Amino acid sequence: MKRLFTILAITGLLLFGAAPKAIAQDAAKTEQVADATESKTFHQALKQRFIEGGPFFMGIILVSFIMGLAIAIERIIYLNMATTNTKKLVSQIDEALSSGGVEAAKEVCRNTKGPVASIFYQGLDRMDEGVEAAEKAVVAYGGVQMGLLEKNISWLSLFIALAPMLGFLGTVIGMIDAFDAIQQAGDISPTVVAGGIKVALLTTVFGLVVAMILQVFYNYIISKVDSIVNNMEDASISLVDLLIRLKK
């Protein structure tokens, strides 16, 4: 959780720290941008569209993006650190059991990082109670490790769903404001209608873009979790086989 808040704080400082400067520059160059629209860079056009979309809903969408991105980065770092060469670990455990017994195998697990080594240690620690007790410990602690791997992923899916919904909500409210402007003007002016609709649709565009970016991270994280869980299950079966062979 500390890593998540650290990443979140750094990301927020980078984005929000640059926002006031960007807004000031855009305000000072409004007339120049109007005369030189085609010469704008993508970054400049993106900043202008963001400002045109309105501070409230665009700000909430930006916060959702920052929060979702922070969670995604934290999960990717954690999962990469949790990845273990299970075949090598099983081989080391086999050699340790053959040469030094259960205590030597437990020492190998202590010196190895990752959920697989933690599961192996719990199983070996119950070995004095029998193979069945060790197998139950492996299964139970495997569920605990799976929960740690999937931690905070539900929040990432929340931000994926929330970003486009906020965009649609901003669009609806923007359309209402556009019709209010038409009503006050007493006439359907193309300028009023086009300007109001453009501003309203910008929130939807940014909401969809945020959701698509976070969805890519979400799918990668899910695939990474599935890969680690499959390796955990395969390695756990191998460990039980080694313990059964040791008891014979």
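Residues numbered from 1 in each chain as written. Predicted model: local features only at pLDDT ≥ 70, side-chain atom pairs only at ≥ 80, totals over all residues. Heavy atoms only, no water.

Peer 1: Explain empty space enclosed by the protein to me, please; I cannot follow it from the model alone.
Peer 2: Over the atoms rolls a probe the size of a water molecule, and in doing so it shows where empty space is left. Taken as a whole and assessed by the stated rule, the structure comprises one cavity of 30 Å³ or more. Quantified by volume, the largest cavity comes out at close to 40 Å³. For the largest cavity, the full set of lining residues is Ala82, Thr83, Thr84, Thr86, Val116, Ile228 and Asn231. Within the lining of the largest cavity, the residues separate by chemical class into three nonpolar, four polar and no charged. (1 Å grid on protein atoms, 1.4 Å probe; cavity = no way out; pocket = protein on both sides within 12 Å on 5 of 7 lines; lining within 4 Å. Points joined across faces, edges and corners; volume = space filled by probe spheres on them. Nonpolar A, V, L, I, M, F, W, Y, C, P; charged D, E, K, R; others polar.)

Peer 1: Would you mind going over the packing of aromatic side chains with me for this structure?
Peer 2: Aromatic rings considered in pairs are described by the distance between their centres and by the relative angle of their planes. Summed over the entire model, instances satisfying the criterion amount to zero aromatic pairs. Lying over the aromatic face of Tyr78, Arg75 brings its terminal NZ or CZ to 4.5 Å of the ring centre. (Phe/Tyr/Trp six-rings, centres within 6.5 Å; stacked < 30°, edge-to-face > 60°. Lys NZ or Arg CZ within 6 Å of the ring centre and 35° of its normal.)

Peer 1: Would you explain the pattern of salt bridges in this entry?
Peer 2: Pairs can form between side chains of opposite charge whenever their charged atoms are close. Applying the stated criterion to the full structure yields six salt bridges. Residue Glu107 pairs with Arg110 through a salt bridge whose shortest N-O separation is 2.8 Å. A residue pair is termed a helical-turn pair when its members lie 3 or 4 positions apart in one helix, as Glu107 and Arg110 do in helix 6 (residues 101-110) at three residues. Arg126 is paired through a salt bridge with Asp125; the nearest N and O atoms lie 3.2 Å apart. On the accessibility criterion, Arg126 (30% relative accessible area) is partly exposed. Sharing partners across several salt bridges, the network here consists of Glu103, Lys106, Asp125 and Arg126. (Salt bridge = Lys/Arg side-chain N within 4 Å of Asp/Glu carboxyl O. Helix = DSSP H or I, 4+ residues; strand = E, 2+ residues; numbered from the N terminus. Buried < 20%, exposed > 50% of the residue type's maximum accessible area, 1.4 Å probe, protein only.)

Peer 1: What exactly am I supposed to notice about the environment of Val139 here?
Peer 2: Mapped onto the elements of the fold, Val139 is located in helix 8 (residues 131-149). With 20 residues separating them along the chain, Val139 and Ile119 place their C-alpha atoms 8.3 Å apart.

Peer 1: How should the nonpolar core be read in this particular structure?
Peer 2: For soluble globular proteins, nonpolar side chains are generally found buried alongside one another. Judged by nonpolar contacts, the single largest core of 43 residues is most densely connected at Ile93, Phe120, Leu124, Leu149 and Ile221. Listed by contribution, the elements that provide at least two residues to this core are helix 4 (55-82), helix 5 (86-99), helix 6, helix 7 (115-125), helix 8, helix 9 (153-185) and helix 10 (190-247). Top element by residues in this core is helix 10. It accounts for 11 residues. When neighbours within four sequence positions are excluded, Leu149 is seen to be in contact with Arg75, Tyr78, Leu79, Ala82, Val225, Ile228, Val229 and Met232. (Core = buried A, V, L, I, M, F, W, Y, C linked by side-chain atoms within 4.5 Å. Contact = heavy atoms within 4.5 Å.)

Peer 1: Looking at this structure, how should I read the confidence of the model for the protein?
Peer 2: Parts of the prediction with low pLDDT should not have their coordinates interpreted in detail. In this model, the protein carries an average pLDDT of 78, and 73% of its residues clear a pLDDT of 70 or more. Across residues 13-38, where pLDDT falls below 50, the model places 15 contacts with residues more than four positions away in sequence or in other chains. (pLDDT = per-residue confidence, 0-100.)

Peer 1: Quick question: what am I supposed to make of unusual backbone geometry here?
Peer 2: Leave glycine aside and you will find that most residues have negative phi; peptide bonds, for their part, are mostly trans. A positive phi is found at Asn152, a non-glycine position, where the angle reads about 70°. The topology assignment puts Asn152 in the loop between helix 8 and helix 9.

Peer 1: I keep staring at the side chain of Thr84 and nothing clicks. Help me out?
Peer 2: In this structure, Thr84 sits in the loop between helix 4 and helix 5. Given a relative accessible area of 17%, Thr84 falls into the buried group. One polar contact links the side chain of Thr84 to the main-chain carbonyl oxygen of Ala82, over a distance of 3.4 Å. Setting aside anything within four residues of it in sequence, one finds Thr84 in contact with Leu89, Thr112, Lys113 and Gly114. (Polar contact = N/O pair within 3.5 Å; in protein donor to acceptor, adjacent residues only side chain to side chain.)

Peer 1: Honestly, the packing of helix 7 against helix 8 in this entry has me stumped. Any pointers?
Peer 2: Think of two packed helices as two axes; the pair is described by the angle between the axes and how far apart they sit. Contact geometry for helix 7 and helix 8: axes closest at 8 Å, N-to-C directions at 150°. Between helix 7 and helix 8, the crossing angle belongs to the class labelled roughly antiparallel. As for the relative orientation of helix 7 and helix 8, their crossing is right-handed in sense. Contacts between helix 7 and helix 8 involve Pro115, Ser118, Ile119, Gln122 and Gly123 from the former and Ala134, Ala137, Val138, Tyr141, Gly142 and Gln145 from the latter. Looking at the contact of helix 7 with helix 8, its residues break down into six nonpolar, five polar and no charged. (Axes fitted to C-alpha atoms, helices over the stretch in contact; angles between N-to-C directions. Parallel < 35°, antiparallel > 145°, perpendicular 65-115°, else oblique. Left-handed = near helix turned anticlockwise from the far one by under 90°.)

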